Amino acid sequence: MERSLTREDLRASLPVTQGTLSLEGLEAEVNIYRDSLGIPHIHARTVHDAFFAQGFAHAQDRLWHMDSDRHRAYGRWAEFAGPAGVEEDLVMRRFRLAASVQADYAVLNEETRAMLEAYAAGVNAFIQTTPHLPIEYRLVESAPEPWQPWDSLAVFKVRHILMGVWQAKLWRAQLVRHLGPEMTAKLFPGYPQGDPLIIPPGIDYTGPLTDGQAELTTGAAFLAWLPEEEGGSNNWVVAGNKTASGRPLLAGDPHRTLDTPNVYYQNHLACPDFDVIGFSFPGVPGFPHFGHNRYVAWGVTHTGADYQDLYIERFDPANPQYYEFQGAWHPAERYPEVITVRGGAPVEIEVIVTRHGPVVLGQPESGYALAFRYTATAEPNPCLNALLPMMRASSADAFEEALRPWVDPVNNIVYADVQGNIGYRTRGQVPIRPSLNAWLPVPGWSGEYEWQGVIPFAEMPAIRNPDSGFVVTANNRVVDERYPYYIAFDFAPGFRARRITERLQTATGLRSEDMAAIHADRISLPGRAFVPLLTRLRLSDPLAVQAQEELSRWDGSMEPDSVAALIYTAFRECLIRNLMRPILGPLEREAFQGAPRGGVAHMARLRARLHTMIQQDDRTLLPAGETWETMMERAFTQAIADLRERLGEDMQAWQWGRLHKTAPQHPLSTSFPALSPLLDPPAVSMGGDGDTVQAAAFSNQEPYLISVTSVARYVFDLGDWNRSAWVVPLGSSGHPGSPHYADQVERWRRVELFPMLYDWTQIAAQAESHQRLQP
């Protein structure tokens, strides 16, 4: 049933953020100052009160956001979203995060449990005292349940469980079944020679290409039963010998799906033990990924490490309650579940668990099914024991030691301290197991493919104070083939890492604004490489010839007003589809419109290699009788015809930003489409693409609409913390009626930053509001 809302209703649901409140559970007075962007700066007298107030402030701005993530984690999204949420709930119930986080909570140390309990008490204090709940609860006719300490663990896990590689393994299994091992191996050539490594900085990879044919051939025999069925980040740290202040600069921008509200929440938390500012996940205390205290700054990107496996379980066809392991039959655990659906009938599901993990695909009654094994859920996970030591760290040594308990996600973390040290570490746990596990689902019954522990903390890739004076990570390959352990074989192309490295290698006297300028780098290296290839094509259509002329003057910059940028992008999309359509056959739809970390991510990797294949005249994937010239001419003609149909005959109107836009959507807009004008933030045009430092990858399902982009940007200046800066795509508030719902979008679009206030005198003097919490 549709609901009606007005803008006045939205404003009436906003929280009270000033005055004095007496709250049960506080130990002493806490002050919350909100700056001109509505960002909370929390000053407490005890550690307990700091996290209590962080929970209170998170709930003020993001209670619905936190609660929707909690519902998603527990497979209860349909309670809010109705029948549209059932499919997602079926997947999440199978992951059994509710049971996993209870086990995690039991193994956390005392100070971490106290942190989570204080945070939960603060969330509940807001729920109990607020006169206005977020407007979304009115729409779904619900109210928030009390926040439990382990709910924060669930929110953290649901934000990372789909960032792993299990979907890629399932996709490779489908390719092997359809194409065979030899052809599938040709579609996965691995990390290109000449692309940058993370360690050592400034050095290119010169090792062999990946050859998975042996593993794929071995694994093919196990796949007969199988049923038919992109993100990243940049960060970098620069030593004092390259900066104007003589102290390090650390900057970055994580790339994820553009959520509404922002996935990351800007906040500042201080007490006598620490004074930390950075980004949090609403619903989770601390600053897991990005922040700085008085002494140390840190930021992460996704490593792309392989820490999720799929096991083919063989069930007894005569009694599918049992599965086989090393010649014996073992009873599977079975858990009946009921999914409550708003406006619909409840859905019953049975969750089945083997020694390897929950069954996520297939029916045991058929004799086989796939079980999911993941470092964060395979055993109790003490990951959040790292948060408080990170926040208290007073040196690079102390900070690096604080990372020891970290399990998931596996990150490239860069850090710097005020003594001038900079460093990098691969943070998290990667299991040690046979090579076939890296490629495909593996037999669970044999015992040959079990995990044999994890890579030791001391042997994970790390570097401190490199001679280069900088470390750059952009989801590129971490180390070369001489590293003794397997981390992953599928990394992002080196384009972004190359551009950042080029800008840092010879630079001196760098300032915060120079770091911000790197965020805005829109040069497409594959775009530049395609220009000479395209300008030599023999074309007859006058509009196509005019497009060639546009490209001949192009420097590869994906500017929003660039005509050449759009022509290049449309051509490359036509080329990759024309190339892969005859190869993929029935898998084409999934490759271009399926799961973003399965076939779609694979196509992005192949798309990035097109120019190299053409330059080398590598005809491995070409249809019989075709040349790269004929393929390019056909794709170019198709692209021009498509753009003519979309935008008309006037080529000067073919600007990249006309089609390359954001489309932020509130999670309830699909359930209440008539309210989307009130709930959805504004869309904006942007430059960049998936290959540029200013990341703005687009969806194949909705051509050119931005799907994955920078969801935060930051610069931490260790020479003067008050010169640090940041921005998010929307705003600090999750309330559609708030002036801070999307007040950062324009500066984010222009790749500009706001000052990151750290000095408490300045914060108090410039505060937009001040709220005092007292016992």
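Scroll up a little and you will see the structure.
Residues numbered from 1 in each chain as written. Predicted model: local features only at pLDDT ≥ 70, side-chain atom pairs only at ≥ 80, totals over all residues. Heavy atoms only, no water.

Let's shift gears to the overall build of the protein. Within the protein one finds 26 helices and 27 strands. Over its C-alpha trace the protein gives a radius of gyration of 26 Å, about what one expects of a compact globule, namely 28 Å for 775 residues. Taking the principal axes of the C-alpha coordinates as reference, the protein spans close to 80 × 70 × 60 Å. In the protein, which comprises 775 residues, the share counted as buried stands at 63%. Element-wise, carbon and sulfur atoms account for 48% of the exposed surface of the protein, whose accessible area totals about 27100 Å². Computed over 67 positive and 91 negative side-chain charges, the inter-centroid distance for the protein is 2 Å. (Helix = DSSP H or I, 4+ residues; strand = E, 2+ residues; numbered from the N terminus. Rg over C-alpha atoms; globule rule 2.2 N^0.38 Å. Buried < 20%, exposed > 50% of the residue type's maximum accessible area, 1.4 Å probe, protein only. Areas by Shrake-Rupley, 256 points an atom, 1.4 Å probe, with all protein chains shown as cover. Lys, Arg positive; Asp, Glu negative; His and termini not counted. Charge placed at Lys NZ, Arg CZ, Asp CG, Glu CD.)

Bringing the sheet that holds strand β1 (residues 19-22) into the picture now. Pairing is mixed across the open sheet formed by eleven strands, whose spatial order is β1-β27-β2-β3-β6-β7-β8-β9-β17-β18-β20. Looking along the sheet, the strands with just one partner apiece sit at the ends: β1 and β20 (462-464). Averaged over all adjacent pairs, the angle separating strand axes in this sheet is 15 degrees, with direction ignored. By the bridge criterion, three bridges tie strand β18 (residues 422-427) to β20 in an arrangement that is antiparallel. Along β20, the bridge assignment pairs Tyr424 with Ile463. This element, helix α2 (residues 47-73), spans β1, β2 (30-34), β3 (40-43), β6 (265-271), β7 (274-280) and β27 (769-774) of the sheet and lies at about 160 degrees to β6. (Pairing = 2+ DSSP bridges. Axes fitted to C-alpha atoms, helices over the stretch in contact; angles between N-to-C directions. Contact = heavy atoms within 4.5 Å.)

Of all five residues in strand β15 (residues 357-361), five are buried; the element is thus mostly enclosed. Where strand β14 (residues 347-354) and β15 come together, two bridges link them in antiparallel fashion. The residue bridging Thr354 from the neighbouring strand is Gly357, located in β15. Where β14 folds back on β15, the antiparallel hairpin that results is connected by two residues. With two bridges connecting them, β15 and strand β16 (residues 368-374) associate as antiparallel partners. What sits directly across from Val359, in β16, is Ala371. Connecting the antiparallel pair β15 and β16 is a turn made up of six residues, with Gly362 showing a positive phi of about 95 degrees.

Thr260 connects to Pro261 through a cis peptide bond whose omega is -10 degrees. By the secondary structure assignment, Pro261 is in the loop between β5 (249-257) and β6. The step from Asp408 to Pro409 runs through a cis peptide bond, and the omega angle for that step is 0 degrees. Looking at the secondary structure, you find Pro409 in the loop between α14 (396-402) and β17 (411-417). A positive phi angle, close to 55 degrees, is found at Glu141, a residue other than glycine. With respect to the helices and strands, Glu141 occurs in the loop between α7 (135-140) and α8 (151-158). By relative accessible area, Glu141 is classed as exposed at 59%. A positive phi angle is found at Gln326, which is not glycine, with a value near 50 degrees. Structurally, Gln326 can be placed in the loop between β11 (322-325) and β12 (328-331).

Time to look at α2. The terminal C-alpha atoms of α2, which comprises 27 residues, lie only 28 Å apart, well short of the 39 Å expected from a rise of 1.5 Å per residue. At Arg62, α2 shows its maximal kink, close to 95 degrees. Extensive coverage of α2 is indicated by the burial of 25 of its 27 residues. Following α2 by one or two positions, Gly75 adopts a phi angle in the positive range, close to 70 degrees. (Expected span 1.5 Å × (residues − 1). Bend = angle between axes of the 7 residues up to and from the residue.)

Across all of its chains, the model carries 46 salt bridges by this definition. The residue Arg334 makes a salt bridge to Glu350 at a minimum N-O spacing of 2.8 Å. In this pair, Arg334 is assigned in strand β13 (residues 333-339) and Glu350 in strand β14, connecting sequence segments 16 residues apart. It is possible to trace a salt-bridge network through shared partners that takes in Lys169, Asp306, Asp309 and Arg433. (Salt bridge = Lys/Arg side-chain N within 4 Å of Asp/Glu carboxyl O.)

Overall, mixed pairing links the six strands, which are arranged β13-β14-β15-β16-β10-β19 in an open sheet. Because the sheet does not close on itself, it has two edges, and the strands there are β13 and β19 (442-443). Strand contacts of helix α4 (residues 86-95): β13, β14, β15 and β16, with the helix running at about 30 degrees to β14, the strand carrying the most contacts. The strands touched by helix α9 (residues 166-179) within the sheet are β10 (308-314), β15 and β16, with β10 carrying the most contacts at an inclination of about 50 degrees.

Looking now at the side chain of Ser152. Position of Ser152 relative to the elements: it lies in helix α8. Residue contacts for Ser152: discarding those within four places in its chain leaves Leu116, Tyr119, Trp147, Gly283, Val284 and Pro285.

Attention now goes to helix α22 (residues 628-647). Think of an α-helix as turning once every 3.6 residues; residues three or four places apart then point the same way. End to end, α22 covers 28 Å across 20 residues, agreeing with the expected 28 Å (1.5 Å per residue, within 8%). Tucked into the core, α22 has its buried residues touching α17 (525-534), α18 (542-552), α19 (563-584), α21 (599-615) and α23 (656-659). A positive phi of about 95 degrees marks Gly648, the residue just after α22.

To continue, consider the packing of aromatic side chains. If you walk through the whole model with that rule in mind, you get 41 aromatic pairs. Here Phe156 and Phe281 contribute two aromatic rings whose centre-to-centre distance is 5.7 Å and whose plane-to-plane angle is 85 degrees, an arrangement assigned as edge-to-face. Phe281 shares its class with Phe156; the two are buried. The side chain of Arg373 reaches across the aromatic face of Trp451, ending 4.7 Å from its centre. (Phe/Tyr/Trp six-rings, centres within 6.5 Å; stacked < 30°, edge-to-face > 60°. Lys NZ or Arg CZ within 6 Å of the ring centre and 35° of its normal.)

So, about the packing of helix α15 (residues 495-505) against α17. Where α15 contacts α17, the axes come no closer than 9 Å and their chain directions differ by 100 degrees. In terms of axis orientation, α15 runs roughly perpendicular to α17. In contact with Phe495, Arg498 and Arg499 of α15, α17 contributes Leu525, Pro526 and Arg528. (Parallel < 35°, antiparallel > 145°, perpendicular 65-115°, else oblique.)

Bringing the environment of Arg159 into the picture now. Tracing the backbone through its elements, the reader meets Arg159 in the loop between α8 and α9. Setting aside its immediate chain neighbours within four residues, Arg159 contacts His65, Asp69, Arg256, Asp259, Val263 and Phe281. Among the polar contacts listed, one links the side chain of Arg159 to the side chain of His65, at a separation of 3.2 Å. (Polar contact = N/O pair within 3.5 Å; in protein donor to acceptor, adjacent residues only side chain to side chain.)

Any two packed helices are characterised by how steeply their axes cross, that is the angle between the axes, and by the distance between the axes. Between α18 and α19, whose axes approach to 9 Å, the crossing angle comes to 115 degrees. The pairing of α18 with α19 is recorded here as roughly perpendicular in orientation. Along this stretch, α18 crosses α19, giving a crossing that reads as left-handed. Facing α18, whose interface residues are Ala547, Glu550 and Leu551, α19 presents Val563, Ala564, Ile567 and Tyr568. (Left-handed = near helix turned anticlockwise from the far one by under 90°.)

Core analysis: the largest hydrophobic core is formed by 236 residues, its most contacted members being Leu504, Met515, Ile567, Leu575, Met580, Phe636 and Trp654. For this core, the leading source of residues is α19, giving 15 residues. (Core = buried A, V, L, I, M, F, W, Y, C linked by side-chain atoms within 4.5 Å.)

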